[in-house]
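Listed below, chain by chain, are the residues.
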Amino acid sequence: MSPEKTEQVLGRKLISLFDSHRNHISRYDPPFLQGIRNQAMESFRKAGFPTTAMETWRNTNLERVLEKDYNIIFDPPEAPVDLENVFRCEVPDFNTHIISLYNGWYISRDTPLLTLPNGTIIGSLAQALREIPELAEKHFNKYAGAMGNGLISLNTAFAQDGVFIYVPDGVEAYKTIQMVNILNRDDDVMVQNRNLVILGRNSRLRLVHCDDSHNQQPSFTNTVTEVFLDEGATIDHYKLQNLNNSSTLVNSSFFYLEKESRLSTHLITLNGGLIRNESFVRLSGPEAHADVFGIYLMDKNQHVDNQVFMDHSAPVTTSNQLFKGILDDQASGVFNGHILVRKDAQRISAYQSNRNILLTDKAVVHAKPFLEIYADDVKCSHGATVGRLDENALFYIRSRGIGEYNARLLLMYAFAAEVIRRISITPLRNRIDDLVKKRLRGELAICDQCVLHCSQEEKRYSFDIDMSKI
Amino acid sequence: MLSIKNLHVSIAGKEILKGLSLEVREGEVHAIMGPNGTGKSTLASVIVGREDFHVDSGEIMYKGRDLMGLSVEERALEGIFLGFQYPVEIPGVSMTSFLRTAVNEHRKYRGLDPLTGAEFLALMEERKELIEIHSDLTNRSVNEGFSGGEKKRNEIFQMAMLQPALAILDETDSGLDIDALKVVANGVNRLRTPGNATVVITHYQRLLEYIIPDFVHVLYDGRIIKSGGKELALELEEKGYEWLKLQES
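Residues numbered from 1 in each chain as written. Chains lettered and ligands numbered in written order. Predicted model: local features only at pLDDT ≥ 70, side-chain atom pairs only at ≥ 80, totals over all residues. Heavy atoms only, no water.

## With respect to the overall build of chain A
When you go through chain A residue by residue, the secondary structure sums to ten helices and 24 strands. When the 470 residues of chain A are sorted by exposure, 62% land in the buried category. Within chain A, residue pairs in contact and separated by at least 24 positions form 84% of the contacts whose partners lie at least 6 positions apart. A total accessible area of about 18,200 Å² is found for chain A, and carbon and sulfur atoms account for 46% of it. (Helix = DSSP H or I, 4+ residues; strand = E, 2+ residues; numbered from the N terminus. Buried < 20%, exposed > 50% of the residue type's maximum accessible area, 1.4 Å probe, protein only. Contact = heavy atoms within 4.5 Å. Areas by Shrake-Rupley, 256 points an atom, 1.4 Å probe, with all protein chains shown as cover.)

## Things to note about the interface of chain B and chain A
Quite often, the size of an interface is put as the accessible area lost when its parts meet. Contacts between the two partners involve 33 residues from chain B and, on the opposite side, 23 residues from chain A. Both sides of the chain B and chain A interface together cover about 2,300 Å² of buried area, and 62% of this is carbon and sulfur. Our count for the chain B to chain A interface comes out at three salt bridges. Residue Glu51 of chain B is joined to Arg398 of chain A by a salt bridge in which the shortest nitrogen-to-oxygen separation is 3.4 Å. At the junction of chain B and chain A, the tally comes to eleven residue pairs in polar contact (both at pLDDT 80 or more). Counting only elements with at least two residues in the side of chain B that touches chain A, the list comes to helix H2 (72-77), strand S6 (80-83), strand S7 (90-94), helix H3 (95-109) and helix H5 (148-162) of chain B. (Buried area = accessible area lost by both parts, 1.4 Å probe. Salt bridge = Lys/Arg side-chain N within 4 Å of Asp/Glu carboxyl O. Polar contact = N/O pair within 3.5 Å; in protein donor to acceptor, adjacent residues only side chain to side chain.)

## Overview of the packing of aromatic side chains
Under the counting rule described, the total for this entry stands at 14 aromatic pairs over all chains. Judged by centre distance (4.5 Å) and plane angle (5 degrees), the rings of Phe254 of chain A and Phe280 of chain A are stacked. Within this pair, whereas Phe254 of chain A is found in strand S13 (residues 247-257), its partner Phe280 of chain A is found in strand S15 (residues 274-283), the two being separated by 26 residues in sequence. Measuring from centroid to centroid gives 6.4 Å for Phe280 of chain A and Phe309 of chain A, while their planes differ by 70 degrees, and the two rings are edge-to-face. With Phe280 of chain A in strand S15 and Phe309 of chain A in strand S17 (residues 303-312), the pair connects residues that are 29 residues apart, well separated along the chain. The class of Phe280 of chain A is buried, set by a relative accessible area of 13%. Three or more aromatic residues link up through ring pairs in this structure, and these residues are Phe395 and Tyr396 of chain A together with Phe84 and Phe98 of chain B. Positioned above the aromatic ring of Tyr28 of chain A is the side chain of Arg130 of chain A, whose terminal nitrogen or guanidinium carbon lies 3.9 Å from the ring centre. (Phe/Tyr/Trp six-rings, centres within 6.5 Å; stacked < 30°, edge-to-face > 60°. Lys NZ or Arg CZ within 6 Å of the ring centre and 35° of its normal.)

## Details of helix H2 (residues 31-47) of chain A
Residue pairs spaced three or four apart in an α-helix point in one direction, given the helix's 3.6 residues per turn. All names here are of chain A. Over its 17 residues, H2 extends 25 Å from the first C-alpha to the last, a length consistent with the 24 Å expected when each residue adds 1.5 Å. When we look at burial in H2, the residues that qualify are Phe32, Leu33, Ile36, Arg37, Ala40, Met41 and Phe44. An end-on view of H2 places all buried positions within 155 degrees of arc, on one side of the element. In H2, the exposed positions that point more than 90 degrees away from the buried face belong to Pro31, Gln39 and Lys46. Gly48, located one to two residues past H2, shows a positive phi value of around 65 degrees. (Expected span 1.5 Å × (residues − 1). Arc of directions from axis to C-beta.)

## Description of the pairing of strand S7 (residues 176-183) of chain A
Across the eight residues of S7 of chain A, eight count as buried, placing the element largely inside the fold. Burial along S7 of chain A is two-sided: the face carrying Thr176, Gln178, Val180 and Ile182 of chain A and the face carrying Ile177, Met179, Asn181 and Leu183 of chain A are both buried.

## Considering the pattern of salt bridges
Scanning the entire structure with this criterion turns up 42 salt bridges over all chains. As a salt-bridge pair, Arg355 of chain A and Glu418 of chain A come within 3.4 Å of each other at their nearest N and O atoms. With a gap of 63 residues between them, Arg355 of chain A in strand S20 (residues 348-358) and Glu418 of chain A in helix H9 (residues 404-420) connect regions that are remote in the sequence. A relative accessible area of 32% means that Arg355 of chain A is categorised as partly exposed. Among the salt bridges present, the one from Glu155 of chain B reaches Arg400 of chain A, with a minimum N-O distance of 2.8 Å. Note that Glu155 of chain B is positioned in helix H5 and Arg400 of chain A in the loop between helix H8 (391-398) and H9, a pairing that runs across two chains. Like Glu155 of chain B, the residue Arg400 of chain A is buried in the burial classification. Each of the salt bridges in this network shares a partner with another, and the network as a whole consists of Asp19, Arg22, Glu42 and Arg45 of chain A.

## Brief notes about the sheet that holds strand S4 (residues 54-62) of chain B
All names here are of chain B. Spatial ordering of the open sheet is given by S2-S1-S4-S5, a layout of four strands whose pairing is antiparallel. Strands with a single pairing partner mark the edges of an open sheet, and in this sheet they are strand S2 (14-24) and strand S5 (65-66). Bridge count for strand S1 (residues 2-11) against S2 is eight bridges, and the pairing is antiparallel. Each bridged residue has a counterpart across the sheet, and for Leu7 the counterpart in S2 is Leu20. Sheet strands touched by helix H1 (residues 40-48): S1, S2 and S4. Its angle to S1, the strand with the most contacts, is close to 110 degrees. (Pairing = 2+ DSSP bridges. Axes fitted to C-alpha atoms, helices over the stretch in contact; angles between N-to-C directions.)

## Re unusual backbone geometry
Notably, Asn202 of chain A is not glycine yet its phi reads approximately 50 degrees, a positive angle. Structurally, Asn202 of chain A can be placed in the loop between strand S9 (194-199) and strand S10 (204-213). The residue Ala12 of chain B is not glycine, and still its phi comes out positive at about 45 degrees. By secondary structure assignment, the location of Ala12 of chain B is in the loop between S1 and S2. For Ala12 of chain B, a relative accessible area of 85% puts it in the exposed group.

## Considerations on the pairing of S1 of chain B
Consecutive residues of a regular strand have side chains that alternate between opposite faces of the sheet. Residues and elements named next belong to chain B. Burial within S1 is extensive, with seven of its ten residues counted as buried. Pairing between S1 and S4: seven bridges, direction antiparallel. When the sheet's bridge partners are listed, Ser10 is paired in S4 with His54. A loop of two residues connects S1 with S2, the two strands running antiparallel in sequence, and Ala12 in this loop sits at a positive phi of about 45 degrees.

## Side note on the sheet that holds strand S3 (residues 29-33) of chain B
All names here are of chain B. Strand order in the open sheet formed by six strands is S6-S9-S10-S3-S11-S12, and the pairing between neighbours is mixed. A strand with exactly one partner marks an edge of an open sheet, and here the two such strands are S6 and strand S12 (223-228). With strand direction ignored, the average angle separating the axes of adjacent strands in the sheet is 20 degrees. Two elements, S6 and strand S9 (residues 166-170), share four bridges in a ladder whose sense is parallel. Pairing of Gly83 across the sheet is with Leu169, part of S9. Sheet strands touched by helix H7 (residues 231-239): S3, strand S11 (215-220) and S12. Its angle to S11, the strand with the most contacts, is close to 45 degrees.

## What about the side chain of Arg75 of chain B?
Residue and element names in this part refer to chain B. Along the chain, Arg75 falls in helix H2. There is no salt bridge for the buried Arg75, and the closest opposite charge comes from Glu74, which lies 6.9 Å off by N-O distance. A polar contact of 3.0 Å, which involves the side chain of Arg75, links it to the backbone oxygen of Ile47. Polar contacts involving the side chain of Arg75 include one to the main-chain carbonyl oxygen of Leu67, which spans 2.9 Å. (Lys, Arg positive; Asp, Glu negative; His and termini not counted.)

## Comments concerning the side chain of Ser279 of chain A
With respect to the helices and strands, the residue Ser279 of chain A is situated in strand S15. Those residues within four positions of Ser279 of chain A in sequence are excluded, and the remaining contacts are Ser253, Leu267, Gln307, Val308 and Phe309 of chain A.

## Here's the deal with helix H4 (residues 117-131) of chain B
Residues and elements named next belong to chain B. If you check H4, its first and last C-alpha atoms are 21 Å apart, about what 15 residues at 1.5 Å a residue would give, namely 21 Å. Of all the residues in H4, the buried ones are Phe120, Leu123, Met124, Arg127, Lys128 and Ile131. Angularly, the buried residues of H4 cover 135 degrees about the axis, an arc narrow enough to put them on a single face. The exposed residues of H4 that point more than 90 degrees off its buried face are Ala118 and Glu129.

Any link to function would need more than the numbers given here.
Printed below as a string of structure tokens:
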């Protein structure tokens, strides 16, 4: 008999934990959820963890991650967590509504489910499932469930909390909502939170979502977010990732777009051990539009994997993907961009571009565009490039008296700026701009420098190089 | 200021410069002429420190220092400027921040405080005025989408901002119409002082109608085969390089 693979050990442990804690996990579940959980666990039993034998996982190997014996936190923090001690927002002029997940559990200063005067509901998913199950039921697992892989099923089975946001028809959420995921534990934990965002007709939301480590402890976060955009709704979504080098994050986001709705999502990966972002976008009504942008700056042995599945299932839908990355040392990157244009989805425009700079011979990137088109009136383009910094440009810059180090920074920053300048919230753009510069200079600390979560007062960062006008 | 003695340079094992010597003193304008492929651009590249070229023997002294030990940026900070034959496009880097960085690096090297944004903008306006360039190249990315003429004017503008001691202009006249040529020549003349020197590398005598050289050198097959005053350029224009080749043999 061959020895049992390590991931099977963790998988078996999770299955047995689920069986022994099933009642505890689902103790507050509305009736509709219990069947979903059991079904999801069945799917996980069959599928297990993704392996490199699967096409979309070929270049992201979870074996090392799954070797660890993670603890699962089945209960919310016992003592109330003082948000003030955990983070203070120092982004100048960035007036936001802050919500936080602490080791996967929603923490709040006041009520776990807040209803604003305009009808917007913000709070804990667990609480929303209890208080307003009808609203949650309409959308919960409707988008993620259909696309399930083992990890998504596992999340569905285990997730007990997360963030819930509902914006009613015609309402424009007046403040940007900042969602901060904080991991702060002394043991190795696996966190599986679940977020549900529902946007009513012609509503509008700006959502900034940060993943942040507090220490150097290994962790495995398996998070699933479902976002539903009703007709004419708009979401401007940012996912910022600044995790420690021992962390693993699999972030699966599902966006379901009704007609004339608009999605803009930005995946900004500054640091992390292994990060995989899966963005599933379904354009299911005419004139829906999706922008999916990403920037990743990795070094050491870090690994980043961006997967986009852009599903044009209705006619006259448009999409645009732009991912740019800089990989240093032995870092590795993956980009798989899949565009599907379904039969009868005519008059489609879908663009995709992935550009990479490798700073060393040992850095690698696997880029794979994949177009699957069953309609004939379609404008599609894709492109992937992998290159070095332009030697002629470096020489030109240096010949004006700018040292090689700064010349390289200038070129790297200019490369990244194409994505950064698409961030439409100005204070956020400035802050990310600063963080990217710091990251490129190797000065970004993990524990205290998350975009929205800085433990000390910080000055606006400036280069010797003034890049403010780039 | 610049003293080159018996310089031998190769690239990828192929010898390009085969014993070139040149003396340039403060206040002088030198023109280096010659047919294509004789080593004119190689000479410019070696002086500014391009690393693809290998100096096999000979020396380049600049203000009494051996240039060989200095990096590209150190040479620039010491006052050497190259006007590129093919200026490089750098998407995403604005002219303003590029130049401000360069100017402040030069200031730092000389122990001066960096210019503030306002001071820098004032300096840009003053230098534009000085060389009579009125088009607005500064709000764009470095050379990106510039026409041939704009690129060359931009080189002169950068020269005006950095005020080098030794400017080497590599075929700055190529591809220019007569108006653009005048703008470029005018810039060079305006920037000329008793303390600096200019080396103009050119194919044609045409530019030398506007920039009057003190010396004209003919570079042929990796060496300077003839030097003279400005009248040499006219003679070349009239008789062609063949005449010198015949004299050589």
